[in-house]
Amino acid sequence: MFLTQKHLDRRTLLRGLGAAVALPVLDAMTPALRAQEQAKNVRLVCIEMVHGAAGSSAIGIKKNLWSPAKIGRGFDLAPTSLRPLAPFQDYLTIVSNTDVPSAEAFEIREVGGDHIRSSAVFLTQAHPKRTQGADVEAGISIDQVYAQRMGQATAIPSMQLCIEDVDQGGGCGFGYSCIYSDTISWASATQPLPMIRDPRIVFDELFGVFGSGSNAAERQARRAEERSILDWLMTSVKRLQKDLGAQDRTRLDDYLANIREVERRIQKAENVTAPREIPAPPRGIPVSFSEHVKMMFDLQALAFASDITRVFSFKLGRDNSNRTYPESGFKGAFHPTSHHGGKEDRILDFAKLNTFHISLIPYFLEKLKNTPDGDGNLLDNTLLLYGSPMGDSNEHNHKKVPFLLAGRAGGALKGGVHIQAPNETPLANVMLSVLHGIGMPELNEFGDSEGVLDLNG
Amino acid sequence: MNRLALVALTLMTAALSAQTPWSAEYCVGCHSAQRKIGGLSLAGFNVDNAEVVEKVILKLRAGMMPPPGSRRPAKAELDTIVEALESKMDSAAAVRPNPGWRPFQRLNRSDYGRAIHDLLGLDVDVTALLPADTVSGGFDNIADVQTFSPILMTGYLRAAGQIARLAVTNPKAKRLLFTCRPAAPSRETGCAQRILQAVTTAAYRGTATPKDLEDALAFFKKGRDGASFDNGIRLALQSILMSPRFLFRLESPMDSTLRVSDAALASRLSYFIWGAAPDIELAKAAASGALRTPKDFEKQVRRLLADRNSEALSRRFATQWLRLQDLDKVIPDDALFPKYTSEIAKLMRRETELFFDSVVREDRNVMDLFNARYSYWNEALAKHYGVAGIAGSAFRRVPVPDERRGLLGQGSVLMSTSLSDRTSPVLRGKWILEVLFGTPPPPPPPNVPSLDETARAVRGEKTFSTRQRIEEHRRNPACSSCHKVIDPPGIALENFDATGAWRTSDNKVLVDALGELYDGTKMQGPSGLRDALSAHQDLVLRNLAERMMTYATGRRMEASDMPAIRAIVNGAAKDGNRFSSFVLGVANSAAFQMNQPPLSKAQ
C-alpha cells in the first residue's frame, strides 16, 4: 500500500533538503492506510560520533559534561553536552558508565591503533583483526542483526550513511585496513558495508528501487528493463566463469549474490505502489557539516515515512579528523581538541564540540515526532542510538563511553530516564537489551556481552 | 652467492643471534622475546624469515637502528651486515621468484569515469553515481579490498541507465556512437551490428566474443521492439555497461609460466601509465605477440610514456602517493588567513600535478622532484607565495627562489599537512617519514596526550611559537623517543605557514627552522632538509619504487617483493635515476607480468 494523500510539490523537497524542514512533504508521503499495519515496525538508527567526549574524562565526569548528575528520572540536562536534547527529555534513555573493551589493544602490536580500530567496534562490540588485506574481521553489527531479521519486509533492508570522505591519505595504517575506519556496519564478521556520503546517491538508492523516470509507467518500464539485464547477467556470468581461475570464479560468485539481492529489491518494490510524485533529488554534498547532516536526516525521515527501509547506520565523523566546526563557537580542530591534556579549560572547549554535534539531533527527532505512524508518531516507533566507541579521547581509552538512546522503540523504551550501569559493564549488554526490546528476545549474546541491562530503570 | 658474501652472512647471522655479545649489546635489549619493542623480537633471529629480515634491512638502511642516542656499531660494520642480508634475500628470490598474486581488479570511480569518456565522449560525475573506493596501501585501486555490495551494484545499474540514455541524446556522444544510420528498416540489424561490434570491442577492451555481440543484439531487438532504433541501441549499451567484461578487468588464468596473457599485460600497462584501456596500437602489439619481445615491450612503454595520456601518472599516481586529497580537509581559519581562498588549494594541487608531469615528460632524474629550480605558477599562486611579476591565470614554468625548490616548497604538500589555525611540524615530519622515506613512525602509545596540543599559544603576556610549544613537551620522555625522530623534518619547514606562505615569525616569535635529523644531521630550513633527503637518496628511491609497484600492480607490497624493488632501484641507478627507468623496472618486474594464484604456491 503506498498511497499519497496529497500532491507533492517537487521543489519543496529540493529546497527543503538540508535547509528548511520539509514537513508537509513527510505528511504527504505518509500513506493513509498504512498506519495500523506499521504500528510495531520499529525503525532503528545507529549514529556514531568519533573521539569520545569531554564528559568521559575524569573532570568531565565530575562536572557532568555528558550524563546528568541525577540517576533515574527528573534529571537536569543543563550542565551536560546533551542539553540541546532537553525538549525531548521524555524520549531519552541515557545509559552511562559502560565500557567498550573490544576496542582496546589485545596484543602489543595493536597498541596505539585505537583510532583506526574503534569505529569497527562501535556497533559490533567485537575486536577487529589486525590486517590490511581482504581478510578483515570484526563482528556482525547491531543494525545488521536487526536488518537481517526484519529488513526483508522492505525494499531496502538497511542503508549506511556517512559525513566524512573515506580517502584520507594516511588516515589509516599501523597494520589496519582502512575499512575499519570507513564503516560502522558489518553484514557479518567478514563483510563490511560501504557507507554513502553523497546525498544524491542516498536519494537515488531510496527512490531508485521504484525505477527512475518521470511517471509510473516509465518507472515500470525501466524496472522491467533492469530486471532483464540482471537476468541476463546471471547466465552470462556463469558462462564467463568457465574461463577464469578458481579464486576469480569465487569472486564472481560474490558478485552474483549481490546481483540477486538487487533483483530482490526491485521485485519487492514492484509489490508496493511508488509515491505518485517522487521528490526532486538533492544537488550535491553541502560544504557545511550541519547542512550535510540535516540533509541526511531529511532523507532518513523520508525513507521511514515511505517505508522504503527501516534501518540506518550513520557515521558522523572519522577518527583523526582535523575538521573544524566553527558553528560550535570553538574553532579548534576536532582531533587536537580531543587531546585536551586533562586540563579543565581545554576539556570545556572540547565539550563545546560535543554539544554542537548533539545539537543536530533534535532536528531529526522533531521530524520523526511530527510524522504520524500507527497510533502515535515515528519517534514513538523509532530507536535512535548515539554514541562513541571511545571514552576519554585524551588517553585513547574506551571506558565510560558517551552513549544515549532516543525514541520509544515501539513501546520498548519508556524514556525520560538516566541509567547508570554498574562499573565495567560492557556496552554490548546495552545493545543486547536493545535487540531484546525491538523484537529479538531470544538472542543470548551480542558481541562481547556478559548480560543485559534494564533500559527502563 | 659469492664467497665473501657467504662469510659476511655467516658473521651477520651470528651477530644478530641473541647469544652473541654484539647483538645483545645493540639489538636484543629492546627486541627481546619479552619486550618486543616495535612489535619485533630478534631473539632466535632466523635469516629465512623474510618478513623480519626485510624489516631489519629497512631500519638499518635508513640508519634508524640502533636508535639515535644509543650506542651503535661503526657504519662500515652496519653496511656489511645490511649488504649481506640484502644479498641473501636477493639470491633466494633469484632462485625461487615469487611474483605474488591478486584477484582481478574492478573499475574504480576514476577508471569508470575515464572509460565512459573514452567510449562515449561523456564526462559524468562519478561521485554522484558510485560509492567511494576503499583505499588500501595509499591507493584506490588495490584489488583485494575491492569488494562487492548491493550499493555498488545498484550504483552500476543506475549509472548504466543514466549514461545510456544520455548517450543517445547527447550530440557529441551520438556522433561517436552512431557510426551508421539505417537507410531502410531492412538495414537496421546490419547497422546495429556494426555499432555494437565497435562498442563491445572498445568496452570489453578487446576481449569481446561473437556471443557477446549476439547478446548485445538481443537487447537491441528488445529495445527496438515498439520503439525507435535509437532506443534499441540505448538498451544494448545499457546492458554492455553492466557486463563484467566492462566493469571488471578480468584476466584469463595463467599458463605454466605464470605470465598473464598478452591482452592482460597490455591492459595492465595502459592502466598503469594512462589510467585507461589500451589503444589500438597497444592492442595490436599484444595480439601480435610483440609484448613478449623485450625490445618491443620497451618500445610500447616508451610510447605510452611519451603520449599526453601519461599525465594520469601525475593526476592519479602522484596525487595519491603525495596524499594531496588531504588538501580538501584543511580549511584555513579566515581570521588568521584573510587573503586565503579555497581557489588557492586548487592552484596548489595543479602546481604539483604540472611539476610532477614535467619530470615524467622530460624524463628527469626523479631526485629533481625535490631539487628542481623551477615550478609552475600563475599570478594568484605566485602572489600567495609572495612573488611578484607573474601575470594572468595561465600556469607557466617559472624559476623559483631557493626555498621553493621541489615538492617540499609547494603549497599542496605544506598545507595538506597543516591544521586550520597553525602549522603542525608533527604532521609534516610524519608525512616526510611516511610518504618520502617509507618508514612510518610507530603509533603513539596509549595514555599519552597529543604532543603539540598540551601547551597554550598564549600564556599571560607571553606568546609561544609552534616550535616552542612542541619542544616544551618533547621534554616528556614518553614522547621524546619518537618525536625526536618525527618532528625535526617538519621543524625545518617552519618558515612556511599553514597555507604554505613564507613567514619569518610565528606568533610574534622569530621562526627557528633548525632541526636535527634522527641521524644527527643538522638541517637548516628547506635547503637543509633537501640536503638530508639527498643524503638518504637510497631510502627515497626505494620508497618511490615501492609506491609505484603498489599502484601499478594493484596490490600491497610484501617482504617477498623487496628483491624486485631493489632490482628496480639498482637498474634505475645505472640510468641516472630517470623516471622512465623506474617505470620500465616496474613494467618488467615479475610481479607486473605474472600472477601466481595462492593454490599453486602450495603445490
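Before any of the text, the structure's been laid out above.
Residues numbered from 1 in each chain as written. Chains lettered and ligands numbered in written order. Predicted model: local features only at pLDDT ≥ 70, side-chain atom pairs only at ≥ 80, totals over all residues. Heavy atoms only, no water.

**Digging into the overall build of chain B**
Here is step 1 of the chain: When helices and strands are tallied, chain B shows 28 helices and 10 strands.
Here is step 2 of the chain: The C-alpha atoms of chain B give a radius of gyration of 27 Å, which matches the 25 Å a tight globule of 603 residues would have.
Here is step 3 of the chain: Seen through its C-alpha atoms, chain B measures out along the principal axes to roughly 90 × 65 × 45 Å.
Here is step 4 of the chain: Evaluated residue by residue, chain B yields a buried proportion of 58% over its 603 residues.
Here is step 5 of the chain: Within chain B, counting contacts between residues at least 6 apart in sequence, those at least 24 apart form 68% of the total.
Here is step 6 of the chain: As displayed, chain B has an accessible area near 24,500 Å², and 55% of this comes from carbon and sulfur atoms.
Here is step 7 of the chain: On chain B, the mean spot of the 79 positive side-chain charges and the mean spot of the 65 negative ones are 3 Å from each other. (Helix = DSSP H or I, 4+ residues; strand = E, 2+ residues; numbered from the N terminus. Rg over C-alpha atoms; globule rule 2.2 N^0.38 Å. Buried < 20%, exposed > 50% of the residue type's maximum accessible area, 1.4 Å probe, protein only. Contact = heavy atoms within 4.5 Å. Areas by Shrake-Rupley, 256 points an atom, 1.4 Å probe, with all protein chains shown as cover. Lys, Arg positive; Asp, Glu negative; His and termini not counted. Charge placed at Lys NZ, Arg CZ, Asp CG, Glu CD.)

**Details of the nonpolar core**
Here is step 1 of the chain: In this structure, Phe272(B), Ile273(B), Trp321(B), Leu436(B) and Phe579(B) are the most contacted members of the largest nonpolar core, which totals 88 residues.
Here is step 2 of the chain: When residues in this core are grouped by element, the largest group, 9 residues, is from helix H24 (residues 537-553) of chain B.
Here is step 3 of the chain: Counting 66 residues, the second-largest nonpolar core is a separate cluster that includes Ala155(A), Ile308(A), Tyr325(A) and Phe330(A). (Core = buried A, V, L, I, M, F, W, Y, C linked by side-chain atoms within 4.5 Å.)

**So, the pattern of salt bridges**
Residues and elements named next belong to chain B.
Here is step 1 of the chain: Under the counting rule described, the total for this entry stands at 71 salt bridges over all chains.
Here is step 2 of the chain: One salt bridge in this structure joins arginine 349 and glutamate 353, with 3.5 Å as the shortest N-O distance. Note that arginine 349 and glutamate 353 are positioned in helix H16 (residues 342-361) at a spacing of 4 residues, about one turn of the helix.
Here is step 3 of the chain: The exposure class of glutamate 353 is buried, given its relative accessible area of 7%.
Here is step 4 of the chain: A salt bridge links aspartate 512 to arginine 467, with the nearest nitrogen and oxygen atoms 3.6 Å apart. (Salt bridge = Lys/Arg side-chain N within 4 Å of Asp/Glu carboxyl O.)

**Considerations on the pairing of strand E3 (residues 374-377) of chain B**
All names here are of chain B.
Here is step 1 of the chain: By the alternation rule, side chains of E3 split into Tyr374 and Tyr376 and Ser375 and Trp377, which are all buried.
Here is step 2 of the chain: Across 4 bridges, E3 lies against strand E4 (residues 396-399) in antiparallel orientation. Bridge assignment links tyrosine 376 to a residue of E4, and that residue is arginine 397. (Pairing = 2+ DSSP bridges.)

**A short note on the environment of His127(A)**
Residues and elements named next belong to chain A.
Here is step 1 of the chain: Inspection of the secondary structure assignment puts histidine 127 in the loop between helix H4 (114-122) and helix H5 (142-150).
Here is step 2 of the chain: C-alpha of histidine 127 to C-alpha of lysine 367: the two residues are 240 residues apart in sequence and 36 Å apart in space.
Here is step 3 of the chain: Not counting chain neighbours up to four residues away, the residues in contact with histidine 127 comprise Ser102, Glu104, Phe106, Glu110, Arg117, Glu137 and Ala138.
Here is step 4 of the chain: From its side chain, histidine 127 meets the backbone oxygen of glutamate 104 in a polar contact 3.5 Å long. (Polar contact = N/O pair within 3.5 Å; in protein donor to acceptor, adjacent residues only side chain to side chain.)

**Focus: the state of the cysteines**
Residue and element names in this part refer to chain B.
Here is step 1 of the chain: Enumeration according to the criterion identifies 1 disulfide over all chains in this entry.
Here is step 2 of the chain: With a sulfur-sulfur separation of 2.1 Å, cysteine 180 is cross-linked through a disulfide to cysteine 191. With the S-S bond torsion at 110 degrees, the cross-link from cysteine 180 to cysteine 191 turns out right-handed. One end of the pair, cysteine 180, is in the loop between helix H7 (171-177) and helix H8 (188-203); the other, cysteine 191, is in helix H8, and 11 residues separate them in sequence. (Disulfide = S-S within 2.5 Å.)

**Concerning the pairing of strand E10 (residues 403-406) of chain A**
Residue and element names in this part refer to chain A.
Here is step 1 of the chain: Burial of the side chains of E10 extends over both faces: Phe403 and Leu405 are buried on one face and Leu404 and Ala406 on the other.
Here is step 2 of the chain: With 3 bridges connecting them, strand E2 (residues 92-99) and E10 associate as antiparallel partners. Opposite leucine 92, over in E10, you have alanine 406 as the bridge partner.
Here is step 3 of the chain: Looking at chain direction, strand E9 (residues 382-387) and E10 are connected through 4 bridges and run antiparallel. Its bridge partner lying in E10, leucine 385 is registered against leucine 405.

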